[in-house]
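Remarks on the overall topology
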Amino acid sequence: MLREATGDDVNLMLSWRNQETNRQVSKTSHEITAEEHDRWWSAVRGDPSRRVLMYLHDGVPCGVVTFFDLRWDEPRTGSWGFYLDADGLAARGETLPAWLAVMRAAVDHAFDDLGLARLDGEVLAHNTVVRQMNRRFRFVEGTPRTEVSDGREITVIPISLDRSNRRRR
């Protein structure tokens, strides 16, 4: 289940984002400070081209889904990303079910609630597990590009999913 994130969720979001597992597969790999996170939260709250949602697994908050660069004119498109409470889910043995469910919920939200025609994103080339999961959900990879972020060279692969190609349950 997804719900709108609130100010009460800010500390959870920051703690999950700073987990080593999440930093290793993010473009920004340094630990995000409270000040950086507060600036980000202040900027996204009032931005009509962004949505920040909390993912609840069995009623427990354990992930964040962000939609950004939302275009409301035709064709309606947007980008997305997500991260989970990797440490908490692993300790409970719930990583894979939560991961599948958050991806399903995010794709459904993008097409059914936001009405997008195409959903875009990015994945780091070394994140082979996520790339495999993206393919399972029918995302198509684009041409990789090299970037420098936080002093490290990374290969970023754009992904996209057209509404007509989405996997239905």
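Anything mentioned here points back to the structure above.
To keep things clear, this report deals only with the structure shown in the data block. (Residues numbered from 1 in each chain as written. Predicted model: local features only at pLDDT ≥ 70, side-chain atom pairs only at ≥ 80, totals over all residues. Heavy atoms only, no water.)

It is worth spelling out the pattern of salt bridges at this point. Under the definition given, this model contains 15 salt bridges. Two residues, E31 and R23, come together in a salt bridge whose shortest N-O distance is 4.0 Å. The closest approach of N and O atoms between K27 and E147, which form a salt bridge, is 3.2 Å. Of this pair, K27 sits in the loop between α2 (20–24) and α3 (34–45) while E147 is found in strand β7 (residues 145–149), placing the two residues 120 residues apart along the sequence. Among the residues examined, K27 registers a relative accessible area of 29% and is labelled partly exposed. Because the salt bridges share partners, they merge into one network encompassing K27, E122, R145 and E147. (Salt bridge = Lys/Arg side-chain N within 4 Å of Asp/Glu carboxyl O. Helix = DSSP H or I, 4+ residues; strand = E, 2+ residues; numbered from the N terminus. Buried < 20%, exposed > 50% of the residue type's maximum accessible area, 1.4 Å probe, protein only.)

Right, let's get into helix α5 (residues 95–113). Over its 19 residues, α5 runs 25 Å from end to end, which matches the ideal 27 Å to within 8%, given 1.5 Å per residue. Turning to α5, its buried residues number three or more, namely A98, W99, L100, V102, M103, A105, A106, V107, D108, H109, A110 and F111. Just downstream of α5, G115 is the residue with a positive phi angle, here 70°. (Expected span 1.5 Å × (residues − 1).)

Next up on the list: the environment of P97. With respect to the helices and strands, the residue P97 is situated in helix α5. Taking the C-alpha atoms as reference points, P97 and H57, separated by 40 residues in sequence, lie 8.7 Å from one another.

Take the packing of aromatic side chains next. Across all of its chains, the model carries 3 aromatic pairs by this definition. Measuring from ring centre to ring centre gives 6.1 Å for W40 and W41, while their planes differ by 45°; the resulting arrangement is tilted. We classify W40 as partly exposed; its relative accessible area is 26%. Note on W41: relative accessible area 9%, which makes it buried. (Phe/Tyr/Trp six-rings, centres within 6.5 Å; stacked < 30°, edge-to-face > 60°.)

Shape is all these values report; function is a separate question.
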